[in-house]
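Fold and geometry: a report
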Amino acid sequence: MKKWIIVVVVILVGLIIIGVLYDAGYLNFKWSTLSMVFAALAGPYMYIKNKLFNTNNVDTIEDMIKKAKAGLKVDEDHRAAFDETITEKETEINHLENQVTVLDQKLKEMETKAEDTHVEVKEMSSAEIAKAFETLYGNEKDE
């Protein structure tokens, strides 16, 4: 008789251990049959746990609803902050695009001016080039 009591106690302790491990998420295997076996073995533990420690009363549900509403409010605040940040970044991008456009236009003007200067220098005589050089850089002979 004592042996049967020991066997039953060992089986119950084993089932409780399996139930606790399954509830904690340690007994989730890729092989579905093994998972179903452990879930079936953990079934009595889960049933007793849910009956004894059931927290689905009105106060708990109201607390969950309040938390959900608070979470929605926080999400709305975050969304508004992100929308504001996005608007600021879009404004900054537009400003930078305008600057790039202005700089591109100035670059094209400078390239045109450089090309015109190159053509103008080709058309100048050597005396005119020497005079323009002295005008720009001075006459080192006189110094």
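The rules behind each value
- Residues numbered from 1 in each chain as written.
- Predicted model: local features only at pLDDT ≥ 70, side-chain atom pairs only at ≥ 80, totals over all residues.
- Heavy atoms only, no water.
- Helix = DSSP H or I, 4+ residues; strand = E, 2+ residues; numbered from the N terminus.
- Rg over C-alpha atoms; globule rule 2.2 N^0.38 Å.
- Buried < 20%, exposed > 50% of the residue type's maximum accessible area, 1.4 Å probe, protein only.
- Areas by Shrake-Rupley, 256 points an atom, 1.4 Å probe, with all protein chains shown as cover.
- Patch = residues over 30% accessible without salt bridge, like charges linked within 9 Å, V, L, I, M, F, W, Y side chains within 5 Å.
- Salt bridge = Lys/Arg side-chain N within 4 Å of Asp/Glu carboxyl O.
- Lys, Arg positive; Asp, Glu negative; His and termini not counted.
- Charge placed at Lys NZ, Arg CZ, Asp CG, Glu CD.
- Axes fitted to C-alpha atoms, helices over the stretch in contact; angles between N-to-C directions.
- Parallel < 35°, antiparallel > 145°, perpendicular 65-115°, else oblique.
- Contact = heavy atoms within 4.5 Å.
- Nonpolar A, V, L, I, M, F, W, Y, C, P; charged D, E, K, R; others polar.
- pLDDT = per-residue confidence, 0-100.
- Expected span 1.5 Å × (residues − 1).

**A few points about the overall build of the protein chain**
- Counting its regular elements, the protein chain contains four helices and zero strands.
- Counting from the amino terminus, the protein chain carries its helices and strands in the arrangement α-α-α-α.
- For 143 residues, the compact-globule estimate of 2.2 N^0.38 gives 15 Å, and the protein chain exceeds it by more than 25% at 42 Å.
- Looking at the 143 residues of the protein chain, the share that counts as buried comes to 4%.
- About 13,100 Å² of surface is accessible on the protein chain, with carbon and sulfur atoms providing 63% of the total.

**Notes on a negative patch on the surface**
- Among the surface-exposed residues, Glu111, Glu115, Asp116, Glu120 and Glu123 lie close enough to one another that they form a single negatively charged patch.
- Structurally, Glu115 can be placed in helix H3 (residues 58-123).

**Some details on the packing of helix H1 (residues 2-24) against helix H2 (residues 32-52)**
- Where H1 contacts H2, the two axes come as close as 8 Å, and the packing angle between them is 90 degrees. Here H2 runs roughly perpendicular to H1, going by the angle between their axes. In contact with Leu15, Ile16, Ile18, Gly19, Val20, Tyr22 and Asp23 of H1, H2 contributes Phe38, Ala39, Leu41, Ala42, Tyr45, Met46 and Lys49.
- Partitioning the contact of H1 with H2 into residue classes produces eleven nonpolar, one polar and two charged.

**What to know about the confidence of the model for the protein chain**
- On average, residues of the protein chain score 83 in pLDDT, and 92% of them reach the 70 mark or higher.
- Least confident of the elements in the protein chain is H2, whose mean pLDDT is 77; most confident is H3, at 91.

**Looking at H1**
- End to end, H1 covers 33 Å across 23 residues, agreeing with the expected 33 Å (1.5 Å per residue, within 8%).
- Taken from the residues just after H1, Gly25 is the one with a positive phi, measuring 95 degrees.

**Overview of the environment of Gly25**
- Residue position: Gly25 is located in the loop between H1 and H2.
- Expressed as a C-alpha distance, the spacing of Gly25 and Ala70, which sit 45 residues apart in the sequence, is 29 Å.

**Quick word on H2**
- For H2, with 21 residues, the first-to-last C-alpha span of 29 Å sits near the 30 Å given by 1.5 Å per residue.
- Looking at the buried side of H2, the elements it contacts are H1.

**Details of a nonpolar patch on the surface**
- On the surface, Met1, Ile5, Val9, Val13, Ile17, Leu21 and Tyr26 cluster together into a nonpolar patch covering about 740 Å² of accessible area.
- One can find Val9 in helix H1.

**A closer look at the environment of Leu21**
- Tracing the backbone shows Leu21 in helix H1.
- Between the C-alpha atom of Leu21 and that of Ile93, which follows or precedes it by 72 residues, the distance is 54 Å.

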